[in-house]
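Listed below, chain by chain, are the residues.
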Amino acid sequence: MTTTALKPARLRVAPSPTGDPHVGTAYMSLFNLAYARQTGGQFILRIEDTDRVRYVADSERQIFDTLHWLGLDWDEGPDVGGPCGPYRQSERLDTYQPYVDQLIADGHAYYCWCSRERLQALREEQERSKTSNTGYDRLCYGKTREERAALPGFTDSPVVRMLIPDGLDLTFPDVIRGQLTAPPPDDQVILKADGFPTYHLAVVVDDHLMGITHVVRGEEWISSTPKHILLYQWLGWEPPAFAHMPLLRNQDRSKISKRKNPAARLAWFREQGYLPEALRNFLQLMGYPPVHGDDEVASFEDFVAAFDWAKINPVGPIFDLDKLTWLNGHYIRSLEPAELAQRITTHLVETGQWPSPPDPAAVDLLTRATPMIQERLTLLSEALPKLAFLYTADSDLVVADDALATLNADAPRVLAAAIDIVHQVPAGSFTAETLEAALRAGLVEGLELKARVAFGAVRTAIAGQKVSPPLFDSMAVLGQASCLARLRALAGRLATQG
RNA sequence: GCCCCCAUCGUCUAGAGGCCUAGGACACCGCCCUUUCACGGCGGCGGCACCGGUUCGAAUCCGGUUGGGGGUGCCA
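Note that the structure is predicted; figures quoted are calculated from it, not measured.

K.L.:
Please give an account of the pairing of strand β1 (residues 10-13) that cites residues and values.
P.N.:
Along β1, one buried face is formed by Arg10 and Arg12 and the opposite face, lined by Leu11 and Val13, is buried too. Bridge count between β1 and strand β2 (residues 42-45): four bridges; the pairing is parallel. From the neighbouring strand, Arg12 faces β2, where its bridge partner is Ile44. The parallel pair β1 and β2 is bridged by helix α1 (residues 23-38), and the resulting crossover is right-handed.

See below:
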């Protein structure tokens with residue numbers, strides 16, 4: 001692999017703390033991080049909390065937690081600090097004000113006292129008349145407060161708007177899409193009536209002050225990029241490179257949303273029992289070809305080494321869980337059994353199914369049983385249901401009706417023989433191998449039954465289900481006494497029923 | 001309405017004019033392995049949205065149509 005020396009890049013992800021962290025944030029973070037690592041640069045987390053109305057207090061902590069869970073760690077941010085802080089926009093209000101003043105002084109921005117009602121009426125009128133020029137009508141431009149106050153639709157606390165010039169260049173380069181064209185902007189508000197900047201001003205000021213070299217964001221931002229570039233020009237700054245990523249979609253192809261898709265909530269994956277490495281690998285495959293050609297499994301390190309903006313597919317990928325689930329099973333199978341047992345335990349504690357700290361006996365049982373379910377798991381959350389028969393007292397085991405229905409006329413003598421065989425296994429060698437050899441000899445060869453019939457009856461007695469983890473391993477984990485109790489219970493039940 | 005972005009199997013994608021009667025993965029179906037279920041192996045189903053150009057030759061280039069998405073906020 002030839003690697004041209006790349007200049008260290010500084011990239012950031014800038015989520016808004018307005019609710020549960022979105023999967024799109026993780027998607028953008030992954031690509032940001034990959035390029036930062038490839039160039040030996042930095043990845044920065046900035047909290048964009050300029051919307052006081054939608055602000056959710058707990059959301060910032062959830063952003064930290066879920067991004068860290070996924071292994072997407074930042075070099076600078078509100079929690080770890082850094083040379084360009086503060087990294088929360090609500091703490092940078094004093095930073096923005098001088099630039100607003102400068103833009104007004106230079107004639108690039110102006111105060112607007114129009115009330116929300118007037119603006120809304122204006123928008124409705126534009127919609128009704130189906131005009132092609134939407135946007136603010138510049139009623140306030142060039143007027144003093146007194147002049148404007150004499151007109152209708154006035155409000156006392158003004159906003160500040162950009163004065164978009166005619167003939168603005170609407171094209172700009174994008175590292176993913178080449179030369180782009182965007183629609184002519186409106187006189188965008190840059191400072192709200194409450195003194196907070198809007199995204200458009202804050203993102204430009206912060207990205208410049210924080211030395212951001214590449215702005216990686218969703219394609220929904222393409223249309224506002226000319227406004228941002230104009231701000232860079234007015235302020236005398238060099239604009240960064242832009243990379244507009246495709247948008248993740250719901251099954252119906254709309255932009256992925258929490259309402260239509262539970263997977264839009266990043267925390268959902270953790271709750272469902274997905275492994276962070278599986279989700280990370282899956283996200284790497286969204287809009288990006290497999291790093292290793294036909295093999296779609298790839299580590300983050302390999303992704304970083306091969307990363308190339310030009311390979312990003314601008315088509316918005318549908319977020320379909322099938323492949324993620326397969327990847328999850330793959331990563332589960334690749335774990336050391338002890339590590340898997342640990343992950344399952346953590347999952348059970350995190351989801352409140354097990355107390356914290358968990359019962360040591362339950363953990364021990366899980367650790368012994370995990371090897372036999374490892375290749376049968378697709379989600380961590382499936383472990384406990386598959387092992388439920390091990391966590392059930394012998395006297396409480398319920399034999400399912402469909403399992404009972406598989407029993408034929410041979411069942412009573414199969415169970416009688418099995419009891420005898422299991423009873424005779426020396427306590428010290430109650431292993432899967434010993435049990436299989438003894439039961440195969442006694443039931444399959446001795447009684448001349450098909451393995452399916454013989455072991456099926458034993459399975460029903462031991463697990464109470466038609467389908468279970470491997471029978472002999474299950475018996476070894478369960479222990480001799482429990483096995484005998486369960487075999488006798490079913491034998492007795494059949495005898496009673498005649 | 002107006003503007004912008006996009007268009008290969010159901011889904012994720014390979015493909016940058018001849019290597020493509022379009023390759024892989026997931027899903028689905030069948031077979032094998034097998035004490036159940038899985039895992040694994042083998043095979044199958046299935047696609048270049050449409051119409052015009054350009055070219056000896058187009059999935060690949062150009063135009064249009066259609067379709068989908070996004071934007072059009074004192075949200076981000």
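K.L.:
Which residues make up unusual backbone geometry, and what are the values?
P.N.:
In this structure, Pro86 follows Gly85 across a cis peptide bond, with omega equal to -5°. The omega angle of the peptide bond from Ser356 to Pro357 is 0°, so this bond is cis rather than trans. Structurally, Pro357 is set in the loop between α12 (337-350) and α13 (360-373). In this structure, Arg138 takes a positive phi of about 60° despite not being glycine. Position of Arg138 relative to the elements: it lies in the loop between α4 (116-128) and α5 (145-149). Among the residues examined, Arg138 registers a relative accessible area of 31% and is labelled partly exposed. Of note, the phi angle at Arg253 is positive, near 75°, even though the residue is not glycine.

K.L.:
Tell me about the domain arrangement of chain A, and name the residues and values.
P.N.:
Here chain A is partitioned into domain 1 (10-77 + 249-311), domain 2 (92-245), domain 3 (335-386) and domain 4 (394-497). In this structure, domain 3 and domain 4 have C-alpha centres spaced 25 Å apart. Counting from both sides, the interface comprises six residues of domain 3 and, opposite them, five residues of domain 4. Together, the buried faces of domain 3 and domain 4 total about 490 Å²; carbon and sulfur atoms form 76% of this surface. Taken together, the links from domain 3 to domain 4 amount to zero salt bridges. Joining domain 3 to domain 4, the criterion identifies one residue pair in polar contact (both at pLDDT 80 or more). Broken down by element, the side of domain 3 that touches domain 4 gets its largest block of residues, four residues, from α13.

K.L.:
Please give an account of the layout of surface pockets that cites residues and values.
P.N.:
By volume, the second largest pocket amounts to about 350 Å³. Forming the boundary of the second largest pocket are 18 residues, of which Thr134, Arg138, Pro184, Pro185 and Asp186 lie nearest the centre. For the lining of the second largest pocket, the class distribution of residues is eight nonpolar, five polar and five charged.

K.L.:
Please provide a residue-by-residue account of the nonpolar core, values included.
P.N.:
If you look at the biggest cluster of nonpolar residues, it comprises 113 residues, and the most contacted ones within it are Phe269, Leu283, Phe319 and Met475. Counting residues per element, this core draws most heavily on α1, which supplies 10 residues. Once residues lying within four places of it in the same chain are set aside, the contact partners of Phe269 are Val23, Trp69, Ala263, Tyr274, Leu279, Phe319, Leu321 and Leu324. Of all hydrophobic cores here, the second largest spans 24 residues; its members include Leu191, Leu230, Leu231 and Trp234.

K.L.:
An account of the sheet that holds strand β3 (residues 109-114) is needed here, citing residue identities and associated values.
P.N.:
If you walk across this open sheet you meet the three strands as β3-β4-β7, and the pairing is antiparallel. Each of the sheet's edge strands pairs with one partner strand only, and the pair in question is β3 and β7 (189-191). With direction set aside, neighbouring strand axes in the sheet form an average angle of 55°. As paired elements, strand β4 (residues 154-162) and β7 share two bridges and run antiparallel to each other. Paired with Val160 across the strands is Leu191, a residue of β7.

The rules behind each value
- Residues numbered from 1 in each chain as written.
- Chains lettered and ligands numbered in written order.
- Predicted model: local features only at pLDDT ≥ 70, side-chain atom pairs only at ≥ 80, totals over all residues.
- Heavy atoms only, no water.
- Buried < 20%, exposed > 50% of the residue type's maximum accessible area, 1.4 Å probe, protein only.
- Helix = DSSP H or I, 4+ residues; strand = E, 2+ residues; numbered from the N terminus.
- Pairing = 2+ DSSP bridges.
- Right-handed = clockwise from strand over helix to strand, strands pointing away.
- Domains from an automatic or database assignment.
- Contact = heavy atoms within 4.5 Å.
- Buried area = accessible area lost by both parts, 1.4 Å probe.
- Salt bridge = Lys/Arg side-chain N within 4 Å of Asp/Glu carboxyl O.
- Polar contact = N/O pair within 3.5 Å; in protein donor to acceptor, adjacent residues only side chain to side chain.
- 1 Å grid on protein atoms, 1.4 Å probe; cavity = no way out; pocket = protein on both sides within 12 Å on 5 of 7 lines; lining within 4 Å.
- Points joined across faces, edges and corners; volume = space filled by probe spheres on them.
- Nonpolar A, V, L, I, M, F, W, Y, C, P; charged D, E, K, R; others polar.
- Core = buried A, V, L, I, M, F, W, Y, C linked by side-chain atoms within 4.5 Å.
- Axes fitted to C-alpha atoms, helices over the stretch in contact; angles between N-to-C directions.

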